[in-house]
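Letter by letter, the chains look like this.
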Amino acid sequence: MTVLDWLIALPALGALVVPMMSLPPENQRLIRYFGIAIALVELGLAIGMAVAFKLHTSSYQFVTKVHWIGAFGIAWYLGADGISLVLVLLTAVLFAIAMFTMKGVKDYRAYVGWMLLLEAACMGSFTALDLFLFFVFFELTLVPSYFLISDFGLGASGRAAIKFFVYTFAGSALLLVGIVSLVFIHDHQTGHLTFSLPALMHTRLPKGTAILLFLAFAAAFAVKTPIFPFHTWSPDTYRSAPIPAVVILAGVMAKLGAYGLIRFNLELFPATSRELAWLMLTLGVVGILYGAIVAAGERDLGRMVAYSSLSHMGFIVLGIFAFSTEGLSGSTLQMVNHGIYTAAIFLLLGMIYERRGTLDMNKLGGLQKKAPIFAGVFILVVMGMIGLPGLNGFVGEFLILLGTFITHRWWAVVAVLGVVLSAVYLLWMYQRVFHGEAKDDRSFRDLAPREALLLLPLVALIVVLGVYPIPLLSRINPTTSAIVHHVASAPALGNSGAPQAVASIVTGGAK
Amino acid sequence: MLVLGLVIGFPLLGFLVLLAFGKRIGDPGAGWVGTIAIALSFVAAVVTWILLLSKHAGQRTQVLRLFQWIHAGGFHVNITFRADPLSVVMMLFVTGVAALIHLYSIGYMKRDARFHQFFVYLNLFVFSMLVLVTANNLPLTFLGWEGVGACSYWLISFWFERPSAASAGKKAFIINRIGDMGFMLGTFLVFENLHSVSYSQVLPAAHRLPAGTAEAIALLFFLAAAGKSAQLPLFTWLLDAMEGPTPVSALIHAATMVTAGVYLMARLSPILALAHAASTTIAIIGVVTAFVAAMAATSQTDIKKIVAFSTVSQLGYMMLGIGTGAYVAAIFLMVTHAFYKALIFLSSGSVIHSLDSEQSIRRMGALAKLMPITAWTMIIAWLSIAGVPPFSGFFSKGSILEDAFGRNELLWVVGVVTALLTAYYMGRLVFVVFYGKPRWQEVTKGHEPHESPRIMTIPLIVLAVAAAVAGLLNLPYSGLRFLHNWLSPVFGSALVSYHLSASEKVLLPATDAVVALLGVVIAWRLWRNHSERKALEPTVLLKGWYLDSFYDRTFARGGTALAKFGDRVVDPTIIDGAVGGVAWLFRWVGGLGRKVQSGLVRSYLLIMVGGIVVMLAYVLVSAAR
């Protein structure tokens, strides 16, 4: 067993154990400690993995492969390259913080259990190299998130949970069809039934088929990321999910979509990715601008951050489909950065909600005078989101725009407007919430030591990764440059009509 | 070049100490900590200068490399600082003026509720400014560039309880971001063409750029510079920036940050030298900005707004110098301007301070006798900015105008008219504020305004001496052109020199002197006994040519309406409704009754978990076998 098996097994076993822990109500917090302990061990494992990770190679490391459902060529096949590694690190950090954040919950058993299951599923998704296995983990993330939103959420969370479920489930259905079709086509071509990613990368596809399969995969990932126009579940969901869950939803699970685009769309369909780059780049750019404009019109802080995420994830999509190492490394790094500052901002929003019971900007105001330290941390995180150089958001955003500029100049020229717009809506928001005189006499408690400790690792990462992102970049670069090479060197798609393509999917490639 | 590290390191250290302990150190200790940090930085800058001076002229570029910052693909950036004649000049006047303004602020900000916070921002600002001027590559310059922008945002909205201050800070940041797009795109173009963003590699290789690309790069960076250095059409933020405490206006919005755009252009002079059309554009925008802002300055009634428009105008002169290839003249004006403009702001601050924060010149008057040091230092600053010989402005502005004349007579004509306006509007300020009849009784409610404490007047006196004699830095006589000789290795062949006839060499400075004196005399005639002359203060100029209200009506209101439309109409109805069957499916699902349906979803999900558990069990069993 390698560290990757443990990364998945540990929280999964934890999730099995937690429901069996029947403790008297006064000892409920033991369950929380149990969750925290597992999350911290996971963090330790992930850090150990990053230290042991070999630089200067793009091959998968810590690989583990066990034949699983042999008859269908399905294997328990895990491995991590630079992209997986940094996302595993992000997952481990954010889950540890989310576990600490959980407090005053009525039913710790369900809460901790679902969170652990979610961690296992996320870790699995980021490291699975077998398409079936990936699909299982990818789908598995849906279950705990649904229950976390619907049972522990704020306000109309039941409705939001169903919306979230329907959207992501529809995407997943397309993904499953895509995976199965690809596997059958590959089987038909080679006589070898397998779900292994490295094997399927060499499937030759007729143009129409390739495009349909690309779109099927992309649809699932577009919903999860989200990418415009598949984002409308996210404002409702981010607004009503409980804070620890939304930290994971926006911080980690959004990356599943972008990760899927790199790992599967680029690797399985390199020529198609080139062919459809214009589409994805355009959706990315539209997302950047549209998300920013709508965010500026929002009054609710939670929904505003959801739209801001749409805008920021647009940058990530841009970098992925720029096909330059600079852009792809930038996108990968930005996934980590976005995870960190989004987690931080949602923790802060949670603290505002706890104190005031609202996230409506018009009902807040003047908070900086009452809570200067809180405001100081908040503006630092906001500056990270704006992409102030010296803080983490800048490095990724800059690399993405640079990488896009040198390959797809005009998309970058339009996307750079996002740099202005993010300052507009974020500083306007900050002004409405923190500046001015207070609207009423109610107090607003400044940051408590416990809250400060929760935020400290995130704030430290925002600064450190802004000044010294090299430890991550040096692990990301070999992988991204290999993928860019893979996409660039793939032979162009042959021609074949769409009807034939549909037929080949329906018949699984059999003529 | 470790001492270069100290120049940058002291303000950073000061910032960190104040951030951690500032509140405990309190008032005035925190101010002293901040001031000492900057003073030490100034000393280190002097040492750096001496070290470079001891080297041969060709070897005065020293580099301090700390560590790799960003690397991806072919793109490398290091945290690398550069001491060369240009950056040393910048360092010296930035730390020198900043130290004086820190000292002054101890007095000015006394008893402010957030006294220590002020110095936290101020030290961070100086650190960022030093990074900006010493960075050895474009992205690191950008770090400083944005750092000073963020500090400017925090300091303009320092009194954030006032909605106007909060809005002004935000506006400054956003308008600067518009310029920043140019900075980023310009950097990308440089990288695309020269495969590097380090000055050590880019500047010597600039001649390899195709002419069209060089033009594009120059214009993109000028967009950035126009934002930061408040040129047309982006200058409106600088007026609102006056919401910040006056020492901030002096340091950031007059002496240092706003000149960053001019510095950037000078730094990129090898590229500008290839971009003739862009250079001409810069010269024209510069001189038009100078004129337009000087006109507006003649009609302002808020003392700080007069000075702010004056700053815009002077920055226009500097850009005129950049555009005509007179980089040394631009830097010379930048340095002398830092002295006299910081002085004008600090003297104004001294007046404002003694009048309980009153800023309207209509409610001042006859203060010369009550505040003699403030009045005299302001008069010295006025004579300097007006270009009355032998004060510093005569030499620095004169050398800009001389090169403008060499480039194109029309540029010179507009420049000279603006010089007349400069002498006039500053004269108006001096006479209305310090002479005439006292009009401040209502403001001060009986008690008499008095001279500011020594901690504020000492910086005034030091700056007044500097403003008076800084012309010595670069006298227009061979052998005495110190700044020119010091800087010319940096600019090399980019530096344009125009040949003027012997008579022109006499007539041009003579014209400058006459025009300056004329402005002084006109101001004296018109304003010595008046505080208000409606005919000379038309509303269009008072409102700054309505540029700001135009932006407000179009971009600000239009943008807000667009955002609200997107949020309330487009997203919830069109996008949410249009994303195919998904949204319909959702409605249909919802229609079946939430209870039943959510029950269905739940059981589906639980079955899924169950299935996965069974599958995992299977793999465990088969792995064990």
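The rules behind the values
Residues numbered from 1 in each chain as written. Chains lettered and ligands numbered in written order. Predicted model: local features only at pLDDT ≥ 70, side-chain atom pairs only at ≥ 80, totals over all residues. Heavy atoms only, no water. Helix = DSSP H or I, 4+ residues; strand = E, 2+ residues; numbered from the N terminus. Salt bridge = Lys/Arg side-chain N within 4 Å of Asp/Glu carboxyl O. Phe/Tyr/Trp six-rings, centres within 6.5 Å; stacked < 30°, edge-to-face > 60°. Lys NZ or Arg CZ within 6 Å of the ring centre and 35° of its normal. UniProt positions renumbered as here; feature names shortened; annotations may be inferred.

Mind showing me how you'd approach unusual backbone geometry here?
Residue and element names in this part refer to chain B. That bond from Asp-27 to Pro-28 is cis: its omega, 5°, falls within 30 degrees of zero. Among the structural elements, Pro-28 can be located in the loop between α1 (2-25) and α2 (29-53). In this model, Pro-389 is joined to Pro-390 through a cis peptide bond whose omega is 5°. Checked against the element boundaries, Pro-390 lands in the loop between α16 (372-386) and α17 (392-407). Even without being glycine, Arg-111 reaches a positive phi, approximately 65°. Take Arg-111: it is sitting in the loop between α3 (85-108) and α4 (115-134). The backbone of Asp-356 sits at a positive phi, close to 50°, despite the residue not being glycine. Inspection of the secondary structure puts Asp-356 in the loop between α15 (327-354) and α16.

Explain the pattern of salt bridges here, please?
Oppositely charged side chains are able to pair whenever their charged atoms sit close together. Residues and elements named next belong to chain B. Inspection of the entire model under this criterion finds 26 salt bridges over all chains. Residues Asp-84 and Arg-82 are paired through a salt bridge, measuring 2.9 Å at the closest nitrogen-oxygen approach. Residues joined by salt bridges that share partners form a network here, namely Arg-362, Arg-428, Glu-532, Lys-534 and Glu-537.

What should I look at first to understand the packing of aromatic side chains in this one?
Each aromatic ring pair is summarised here by two numbers: the centre-to-centre distance and the angle between the ring planes. Evaluation of the coordinates by the stated rule reveals 57 aromatic pairs over all chains. Ring centres 6.1 Å apart and planes at 70° place the aromatic pair Tyr146(A) and Phe165(A) in the edge-to-face group. Separated by 19 residues along the polypeptide, Tyr146(A) in helix α6 (residues 142-152) and Phe165(A) in helix α7 (residues 157-190) bring together distant segments of the chain. Here a set of aromatic residues connected by ring pairs shows up, and it is made of Phe394(A), Phe398(A), Phe405(A), Trp69(B), Phe75(B), Phe142(B), Trp145(B), Phe183(B), Phe188(B), Phe191(B) and Phe221(B). Here Arg267(B) stacks its cationic end above the ring of Tyr199(B), 5.7 Å away from the centre of that ring. Directly above the ring of Trp524(B) sits Arg528(B), whose terminal nitrogen or CZ lies 4.2 Å from the centroid.

Before we go on, may I ask you to explain the UniProt feature "domain: NADH:quinone oxidoreductase/Mrp antiporter transmembrane" (unreviewed entry) in chain B in this structure?
Here, UniProt's "domain: NADH:quinone oxidoreductase/Mrp antiporter transmembrane" (unreviewed entry) annotation points to residues 135-422 of chain B. Across residues 135-422 of chain B, the secondary structure splits into 76% helix and 0% strand, with the terminal C-alpha atoms separated by 34 Å.

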